[in-house]
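Commentary on secondary and tertiary structure
Residues per chain, in single letters:
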Amino acid sequence: DVVNWTTENDLIYVITSGNNRLVMIDSTTMTPVYNTSLAAVPGEINIIGDEIYISLPDLCRIDIFSKADGTKKSSLSFDHEISSFCLDGDIIYYTEHDQHCDVYKKNLVTGNVERVQSSFYFPKILLNKEDNILYIGESRSTGSAIFYYDPDTLTLKSKFEKDNYGIPNHTREIFQVGDMIFWGNYCLSDTNAAELIARYGTATYGSVNFVSEELVSTYEGLFLTDFYECI
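Residues numbered from 1 in each chain as written. Predicted model: local features only at pLDDT ≥ 70, side-chain atom pairs only at ≥ 80, totals over all residues. Heavy atoms only, no water.

Remarks on the side chain of Asn185
Within the secondary structure, Asn185 is located in the loop between strand S20 (180–183) and strand S21 (186–189). Residue classification places Asn185 among the buried positions, given a relative accessible area of 1%. At 3.1 Å, the side chain of Asn185 forms a polar contact with the backbone oxygen of Gly201. (Helix = DSSP H or I, 4+ residues; strand = E, 2+ residues; numbered from the N terminus. Buried < 20%, exposed > 50% of the residue type's maximum accessible area, 1.4 Å probe, protein only. Polar contact = N/O pair within 3.5 Å; in protein donor to acceptor, adjacent residues only side chain to side chain.)

Here we look at the nonpolar core
With 14 residues, the main nonpolar core has Tyr93, Phe120, Ile125, Leu134, Ile136 and Tyr149 as its most contacted residues. Breaking this core down by element, the ones donating at least two residues are strand S10 (91–95), strand S13 (124–128), strand S14 (133–137) and strand S16 (146–149). Setting aside anything within four residues of it in sequence, one finds Tyr149 in contact with Val116, Ser118, Phe120, Asn132, Ile133, Leu134, Ile136, Leu154, Thr155, Leu156 and Lys157. By size, the runner-up hydrophobic cluster in this structure holds 12 residues, among which are Tyr148, Phe160, Ile167 and Ile181. (Core = buried A, V, L, I, M, F, W, Y, C linked by side-chain atoms within 4.5 Å. Contact = heavy atoms within 4.5 Å.)

Points about the packing of aromatic side chains
When we look at a pair of aromatic rings, we describe it by the centre distance and by the angle of the planes. Going through the model one piece at a time under the given rule, you end up with 13 aromatic pairs. Where Phe120 meets Phe147, the ring centres are 5.2 Å apart and the plane angle is 70°; that geometry is what we call edge-to-face. In this pair, Phe120 sits in the loop between strand S12 (113–115) and S13 while Phe147 sits in strand S16, placing the two residues 27 residues apart along the sequence. Exposure class is identical for Phe120 and Phe147. Each is buried. Ring pairing ties together the aromatic residues Phe182, Tyr200, Phe223 and Tyr228, which thus form one cluster. (Phe/Tyr/Trp six-rings, centres within 6.5 Å; stacked < 30°, edge-to-face > 60°.)

With respect to a negative patch on the surface
There is a patch of like negative charges on the surface, built from Glu130, Asp131, Asp179 and Glu195. Turning to its location among the elements, Glu130 is positioned in the loop between S13 and S14. (Patch = residues over 30% accessible without salt bridge, like charges linked within 9 Å, V, L, I, M, F, W, Y side chains within 5 Å. Areas by Shrake-Rupley, 256 points an atom, 1.4 Å probe, with all protein chains shown as cover. Salt bridge = Lys/Arg side-chain N within 4 Å of Asp/Glu carboxyl O. Lys, Arg positive; Asp, Glu negative; His and termini not counted. Charge placed at Lys NZ, Arg CZ, Asp CG, Glu CD.)

Focus on the pairing of S14
The buried count for S14 comes to five of five residues, which makes it a mostly enclosed element. Neither face of S14 is open: one carries Ile133, Tyr135 and Gly137, the other Leu134 and Ile136, and all of them are buried. When S13 meets S14, the two strands line up antiparallel, connected through five bridges. Within the sheet, the bridge partner assigned to Lys124 lies in S14 and is Gly137. Between S13 and S14, which follow one another and run antiparallel, lie four residues, and Asn132 among them has a positive phi close to 55°. In this structure, S14 lies alongside S16, joined through four bridges in antiparallel fashion. Within S16, the position partnered with Tyr135 by the bridge is Tyr148. (Pairing = 2+ DSSP bridges.)

Structure below.
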């Protein structure tokens, strides 16, 4: 099963569960370049510079691999399970993996750990350094919401929670394109979660799984980003 994937130029980096693998695929030929075994079921993959960071929730750590050949280089260990994560220099923001999760901020130099004063359901996080916002989007719940936090103080700035309950969001994804955030089947302002820009399809079936400047892909269909039309 594909757990998460990311792309860079013509290369696709995929992590899977079941067999627990990291696979790098050349998209021009759709053939694997390397296939690396992982120590446990992975949670999320991020490319940072020349390295691939993969969270392993059950082991409470991130394993770091060479982007060039997929060999393991080092690990980062944590006191809690780690699933979704983002780095900002020596600071890492990360979530637990399952239901009713905490979100943490850790200084990798001093070891100091802070916690967001709330819990979330299968959260995905994304950091907007330019506007200084940490996005926390829930998933796999009929009442999922998205929250905008100040990453320095970990205080809530805004949130979108439809009808004070939330939406059935099926994918653990958040995408930022320009000044827009895509989560669930909604497009929102990247600075104010309460400022809705568009909705792609129905909340019952539509949850975003890929976004570009031209296209928005959900479980319900493929939409034009600017015109919100299902094609």
